[in-house]
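What the coordinates show
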Amino acid sequence: MEKTLTKGVCIIAAGNPIYGQMAMNLAMSIKYSQPDVHITLLWQGAGKNHVTQHIGGFFDEEIEIPEEYTKQNGMDSYLKAKMYLYDLSPYNKTIYLDADTIFFPKRNIGQLFDELNGTSFTIGNRGISDLSTDPRLIWSDLEEMRTVYGDVIIYNLSSEFMYFEKCEESRLFFDVAKAAFEDPGVSYVRFAGTVPDELAFQIAYIHTGEKPTKVPFLPFYWEPYEQKRLTLPQVQSTDFYGYSIGGAILSKEMKQNYDDLVRFYSNKFGIKYSFMCKSKKEWQFNRTNI
């Protein structure tokens, strides 16, 4: 596919139709503050089943993800699709967002495009990983990684947000990540039944010598990491661009904040039936702990 569009947003909805529901909510939140932004739904299987009527509205384009992009050893591996974002995106400048994020009404995705313009590739991150101070979200043993890869910097990544531009540096980064996803070279904690995508990106940073543009850089507020239970007015007064309900654990406050945002956007766009959030433990069998 010829890449002719300057910039836009990609969202993945693969496998379960609830991902399509969340992608719809995210697209509404983006279009609310910037109606002209171009959004592509990357889908597979039942991912878009519940939102087909919104293709051409909130989603400007749909691209089906090839089956080989989501298979590993003959099994479904939907996280693998992130390794192919460079190949799938129709844009010269791409912001990728996980479907389970949502923008705040007073924030504009154009600000992120402006802020990151000229960056070959960057990914959300919580800083440099150090098990002695913060053992959370380490997909492999830190010492084992250093034994295999040397005394290197390992970033604590949050791949719910990525930005990249079509260039040789970002193409190489994704190619290295593809290889690392197939064979990380270290033991790892299985995530959604497969290799953690963030581990593959960590290894790609090691091999390429690249580093995130900003360290740390977290566009979305995620309660389990921040360890603060804030009301929606409180969290919207922060510097975050939006809210994340990632992970298998969904607190009452997270559900309330997310659903209040969905109701706000649905009302503004005249959507009669809103898609409220559901804990992944309820509908994704391989997401019970993480």
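Structure report, in brief. (Residues numbered from 1 in each chain as written. Predicted model: local features only at pLDDT ≥ 70, side-chain atom pairs only at ≥ 80, totals over all residues. Heavy atoms only, no water.)

Examining the overall build of the chain
Inclusion rule: Working definition: helices are DSSP H or I runs of at least four residues, strands are E runs of at least two. Numbering for both runs from the N terminus. Any residue under 20% of the maximum accessible area for its type is buried, any over 50% is exposed, and the rest in between are partly exposed; the area is computed with a 1.4 Å probe on protein chains only. Contact criterion: two residues are considered in contact whenever any of their non-hydrogen atoms come within 4.5 Å of each other. Using a 1.4 Å probe, accessible areas were evaluated by the Shrake-Rupley method; residue-level cover was limited to the displayed protein chains.
Summing up its helical and strand segments, the chain has 10 helices and 11 strands in all. With the principal axes as the frame, the chain shows a C-alpha extent of 55 × 45 × 40 Å. Within the chain, the proportion of its 290 residues that are buried is 56%. In the chain, the proportion of contacts linking residues at least 24 apart, taken out of those at least 6 apart, comes to 75%. Accessible area for the chain stands at about 12,600 Å²; split by element, carbon and sulfur atoms hold 49% of it.

With respect to the pairing of strand β2 (residues 39-45)
Going by this rule: Following DSSP output, two strands are said to pair if at least two bridges run between them. With the strands aimed away from the viewer, a crossover counts as right-handed if its path from the first strand over the helix to the second runs clockwise.
Of all 7 residues in β2, 6 are buried; the element is thus mostly enclosed. Here strand β1 (residues 5-15) runs beside β2; their pairing, made up of 7 bridges, is parallel. Considered in β2, the bridge of glycine 15 is made with glycine 45. Taking the sense of rotation as the criterion, the β-α-β connection linking β1, helix α1 (residues 17-33) and β2 turns out right-handed. Here β2 runs beside strand β3 (residues 61-64); their pairing, made up of 4 bridges, is parallel. Considered in β3, the bridge of leucine 42 is made with isoleucine 63.

Quick look at the sheet that holds strand β6 (residues 91-97)
The strands that make up a sheet pair up through hydrogen bonds in the backbone, lying either parallel or antiparallel. Which entries qualify depends on this criterion: Lines fitted to C-alpha atoms define the axes, with helix axes restricted to the stretch in contact, and inter-axis angles between N-to-C directions lie between 0 and 180 degrees.
Sheet architecture is open: 6 strands sit in the order β3-β2-β1-β6-β9-β8, paired in mixed fashion. The open sheet terminates on both sides in strands that have one partner only, identified here as β3 and β8 (121-128). Neighbour-to-neighbour, the strand axes of this sheet turn through a mean angle of 30°, independent of strand direction. Both β6 and strand β9 (residues 155-165) contribute to a ladder of 5 bridges, which runs antiparallel. Note on β9: the bridge partner recorded for lysine 93 is glutamate 165. Its contacts with the sheet place helix α6 (residues 197-208) against β8 and β9, and it is angled at close to 75° to β9.

A closer look at the sheet that holds strand β7 (residues 101-103)
In space, the 3 strands of this open sheet follow the order β7-β11-β10, with mixed pairing throughout. Two strands lie at the open edges of the sheet, namely β7 and β10 (220-221), each paired on one side alone.

Things to note about unusual backbone geometry
Here the residue pair valine 215 and proline 216 is connected by a cis peptide bond, since its omega of -5° sits within 30 degrees of zero. Topologically, proline 216 is positioned in the loop between α6 and β10. We note that asparagine 73 has phi near 55°; this positive angle belongs to a residue other than glycine. By the element assignment, asparagine 73 lies in the loop between β4 (71-72) and β5 (75-76). In the Ramachandran plot, glutamine 227 falls in the positive-phi region, its phi being about 55° despite a non-glycine side chain. Judged by relative accessible area, which is 63%, glutamine 227 ranks as exposed.

A look at a nonpolar patch on the surface
The condition is simple: Residues qualify for a patch when their relative accessible area is over 30% and they have no salt bridge, like charges being joined within 9 Å and the nonpolar side chains of Val, Leu, Ile, Met, Phe, Trp and Tyr within 5 Å. Salt-bridge detection follows one rule: a side-chain nitrogen of Lys or Arg within 4 Å of a carboxyl oxygen of Asp or Glu.
Together, Ile128, Ile153 and Val215 line one region of the surface with nonpolar side chains, adding up to about 260 Å² of accessible area. Residue position: valine 215 is located in the loop between α6 and β10.

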